[in-house]
Amino acid sequence: QVTLVESGGGLVQAGGSLRLSCAISGRSFRINIMGWFRQAPGKEREFVGGISWNGGSTRYTDSVKGRFTISRDNAQNTLYLQMTSLQPEDTAVYYCAADRNYVIIPQEDGYHYWGQGTQVTVSS
């Protein structure tokens, strides 16, 4: 089994920054791609970005390009999401996800393992 635990969420003013972390435990050798998703109140969960097994390839949704950066430290079994220039529309619960697949897929069904989520609230 693989367990993912997010941390780092909180309340920040518009224009501020946050860094989310996702700690991976269990059979982490099964993990290749990893991603971040978010779900705002009343909306469906959406893809934020993903990263390949060695960090060499990343993919982002258009609304966060240039503001968010995904990285991973496989030695520490940790995934990160550095968020800058945060806006109120970034307010959501952010989820870490992972899968054995080697291709970054921008849909939920591309990921088998999920964390419980961490709340990010951006005030105007």
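Structure: see above.
About the thresholds
Residues numbered from 1 in each chain as written. Predicted model: local features only at pLDDT ≥ 70, side-chain atom pairs only at ≥ 80, totals over all residues. Heavy atoms only, no water. Phe/Tyr/Trp six-rings, centres within 6.5 Å; stacked < 30°, edge-to-face > 60°. Helix = DSSP H or I, 4+ residues; strand = E, 2+ residues; numbered from the N terminus. Buried < 20%, exposed > 50% of the residue type's maximum accessible area, 1.4 Å probe, protein only. Lys NZ or Arg CZ within 6 Å of the ring centre and 35° of its normal. Contact = heavy atoms within 4.5 Å.

A. Structural context of the packing of aromatic side chains. Applying the stated criterion to the full structure yields four aromatic pairs. A centroid spacing of 5.3 Å and a plane angle of 80° characterise the contact between Phe37 and Tyr111, whose relative ring orientation is edge-to-face. One end of the pair, Phe37, is in strand 4 (residues 33-39); the other, Tyr111, is in the loop between strand 9 (92-99) and strand 10 (113-114), and 74 residues separate them in sequence. The pair Phe37 / Tyr111 is uniform in exposure class, with both members buried. A centroid spacing of 4.9 Å and a plane angle of 55° characterise the contact between Phe37 and Trp114, whose relative ring orientation is tilted. Here the residue Phe37 occupies a position in strand 4, and Trp114 occupies one in strand 10, the gap between them amounting to 77 residues. For Phe37, a relative accessible area of 1% puts it in the buried group. An aromatic cluster of at least three residues, connected via ring pairs, comprises Phe37, Phe47, Tyr111 and Trp114. When the ring centre of Tyr95 is taken as reference, the NZ or CZ atom of Arg45 above it lies at 4.5 Å. Positioned above the aromatic ring of Trp114, the side-chain terminus of Arg45 is 4.1 Å from the ring centre.

B. Representation of the environment of Pro88 in the model. One can find Pro88 in the loop between strand 8 (78-83) and strand 9. The spacing of Pro88 and Lys43 is 45 residues in sequence and 15 Å in space, taken between C-alpha atoms. Those residues in contact with Pro88, other than ones at most four positions away along the chain, are Ala14, Val122, Ser123 and Ser124.

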